[in-house]
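Chain by chain, the residues run as shown.
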Amino acid sequence: MHKLIKAELKRYFISPYYLGTIFILMVLQTRRSTGWIPILSNLIFWGDQFMYNNSILAILLSLFIFAYVYEAYFTRILHMKLILGYTKSQIFIAETVSCGICSGILVAIGNAIYVIRHLYNKEPLELSMSSILINTIIFMSSLSCIAVMICSLSLILKKHIFTALILVCTTVCMLQLGTKDISLLTFSESTLVIQEENETDEGKFFIANNLRVNDTVRSLLNFRVMISPYAQCNYSAYLTTERQEEKPNLSFLLKENPYHIDFLLSNIMLSTFVICIGSNIFKRQDI
C-alpha cells in the first residue's frame, strides 16, 4: 500500500493541474492581487493575506481533482493497477489519501509564500510564527478533507462530463452555507431588545429565554462549522488569531484552547469516514 501511495504522490506533484494551482497561488501572493467573485449571494475572496485563499483553493481543487481522476480513467491507469494485483479498495484509498496530502500541502505552500514575501520585503508579519504554523496545520486538514471528498466523488461518479459541474456546484453551495454560519456566529445581534430598566418578572423571563435560545443556536452553528471543512475555509486570520477573546464563543469543543484543534480532529474523523464508505462503494463498481 505504501508503494502505491508513494507512486500516487509523485504523480500528483508533477501533474500540470497541481503545478498550475501552485502557480496561481504564487501570482496571488507575489503580485498582491486582491479581489472577489460574486457567486450566488456569496463573495469568494482571494488576496495576499494570511489564510485568504482557502475558499478559492476549494473551488480550484474541485476542477483540478476531477481533471486528474478523469485522466486516470481515460488513460486506464486505474485498470493497470488492477492488473498489477492491487485491489479496488487499495486503489481508492491510495488515490484519496494522496489527493488529501497534496491538497493540504497547497495551503502550506501558500502560507510559506506569504512568510517569505514579508521577510524578503522586510515587512512585519501580522502573526507570530507559532500562530502561522499551528493555523497552517489546522487548515491543511480542512483542505485535505475537502480534497478527500472531491476525489471520492470523482472516483465513484467516474469520467462523466457532468461530474465536474456537480463537484463545482457542490463546493460553491457548501461554501455558501459555511459563509452564512460564520456570519451568524460573528456578526449576529440579539433580535429581542428589552430595556435595562425592565425589572418585571415578565421582562426577566424573556431575557433569560432569549439568552437560552441564543446559546442553543450558537452551539448548533459551532457544531456545523466544526464538522464542515467548507465552513472552515471562510475563517481568516482575523477570526482565528486576532479575536482571541471571542474564541470560546466560536468553538463547539476545546473552548479554552487558543486554536481550533477541534477542526483538526473533526477533519481527520470525517476524512476517515468518507474513505471507508467510499472504498466500499468503489469496490462494487466496474473500472
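Keep in mind the model is a prediction, meaning the values are calculated, not measured.

Notes on the overall build of the protein chain
- The number of helices and strands found in the protein chain is 11 helices and 2 strands.
- Ordered by position from the N terminus, the helices and strands of the protein chain form the series α-α-β-β-α-α-α-α-α-α-α-α-α.
- Looking at the protein chain residue by residue over its 287 residues, the buried ones come to 46%.
- For the protein chain, contacts bridging at least 24 residues in sequence account for 77% of all contacts bridging at least 6.
- Accessible area of the protein chain: about 15,000 Å², with a carbon and sulfur share of 68%.

What to know about the packing of aromatic side chains
- Taken as a whole and assessed by the stated rule, the structure comprises 10 aromatic pairs.
- Ring centres of Tyr 12 and Tyr 68 lie 3.9 Å apart, and the angle between their planes is 20°; on these two criteria the pair is classed as stacked. Taken as a pair, Tyr 12 in helix α1 (residues 2-13) and Tyr 68 in helix α3 (residues 54-74) lie far apart in primary sequence, 56 residues in all. The two residues Tyr 12 and Tyr 68 agree in class, both being buried.
- Here the aromatic rings of Tyr 18 and Phe 64 are separated by 5.9 Å at their centres, their planes lie at 50°, and the arrangement is tilted.

Points about a nonpolar patch on the surface
- Residues Ile 161, Phe 162, Leu 165 and Ile 166 make up a contiguous nonpolar surface patch of about 440 Å² in total accessible area.
- With respect to the helices and strands, the residue Ile 161 is situated in the loop between α6 (129-157) and α7 (162-187).
- By relative accessible area, which is 62% here, Ile 161 ends up exposed.

Concerning the pattern of salt bridges
- Under the definition given, this model contains 4 salt bridges.
- With a closest N to O distance of 3.2 Å, Glu 8 and Arg 11 form a salt bridge. Taken together, the residues Glu 8 and Arg 11, both in helix α1 and 3 residues apart, mark about one turn of the helix. The exposure classification of Glu 8 matches that of Arg 11, with both residues buried.

A few points about the side chain of Ser 154
- Along the chain, Ser 154 falls in helix α6.
- According to the relative accessible area criterion, Ser 154 is buried, its value standing at 1%.
- Each residue touching Ser 154, except ones within four places of it in the same chain, is listed here: Ile 65, Phe 66, Val 69, Tyr 73, Thr 163 and Leu 167.

Some points on the packing of α3 against helix α5 (residues 88-120)
- Their axes nearest at 11 Å, the elements α3 and α5 cross at an angle of 145°. Pair α3 / α5 crosses with right-handed handedness. Residue-level contacts link Asn 54, Leu 57, Leu 61, Ile 65 and Tyr 68 of α3 to Glu 95, Cys 99, Ser 103, Leu 106 and Val 107 of α5.
- When its residues are assigned to classes, the contact of α3 with α5 shows 7 nonpolar, 2 polar and 1 charged.

Quick notes on the state of the cysteines
- For the coordinates displayed, the defined rule picks out 0 disulfides.
- The cysteine Cys 151 is free of any disulfide, with Cys 99 supplying the nearest cysteine sulfur at 4.3 Å.
- Owing to a relative accessible area of 0%, Cys 151 belongs among the buried residues under this scheme.
- Of all cysteine sulfurs in the structure, the one in Cys 173 sits closest to Cys 169, which takes part in no disulfide; the separation is 6.4 Å.

Cut-offs applied
- Starting afresh in each chain, residues are numbered from 1 along the sequence in its written order.
- Since the coordinates come from a predicted model, pLDDT governs what is reported: local features require at least 70, and pairs of side-chain atoms require 80 or more to be given and counted, while whole-chain, interface and lining totals use all residues.
- Heavy atoms from the whole structure form the basis of all side-chain values; hydrogens and water molecules are not counted.
- Each helix is a run of H or I in the DSSP string that is no shorter than four residues. Each strand is a run of E no shorter than two, and both are numbered from the N terminus.
- Classification of residues uses two cut-offs on accessible area relative to the type maximum, computed with a 1.4 Å probe and protein chains only: under 20% is buried, over 50% is exposed, and between them is partly exposed.
- Only heavy atoms matter for contacts: two residues are in contact if any of them lie within 4.5 Å across the pair.
- Areas reported as accessible are Shrake-Rupley estimates using a 1.4 Å probe. Residue values count occlusion only from the protein chains shown.
- Two aromatic rings from Phe, Tyr or Trp, using only the six-membered ring of Trp, form a pair when their centres are within 6.5 Å; if the ring planes differ by under 30 degrees the pair is stacked, by over 60 it is edge-to-face, and anything between is tilted.
- Every patch collects residues that have over 30% relative accessible area and no salt bridge, joining them within 9 Å if they carry like charges and within 5 Å if they are nonpolar side chains (Val, Leu, Ile, Met, Phe, Trp, Tyr).
- A carboxyl oxygen of Asp or Glu within 4 Å of a side-chain nitrogen of Lys or Arg is what we treat as a salt bridge.
- Here an angle of 0 to 180 degrees is reported between the N-to-C directions of two axes, which are lines fitted to C-alpha atoms, with helices fitted over the stretch in contact.
- Take the far helix as the reference: if the near one is turned anticlockwise from it by less than a right angle, the crossing is left-handed, and if turned clockwise, right-handed.
- In this classification, the charged set is Asp, Glu, Lys and Arg, the nonpolar set is Ala, Val, Leu, Ile, Met, Phe, Trp, Tyr, Cys and Pro, and all remaining amino acids, among them Gly, are polar.
- For the purposes of this analysis, a disulfide is any pair of cysteine sulfur atoms at a distance within 2.5 Å.

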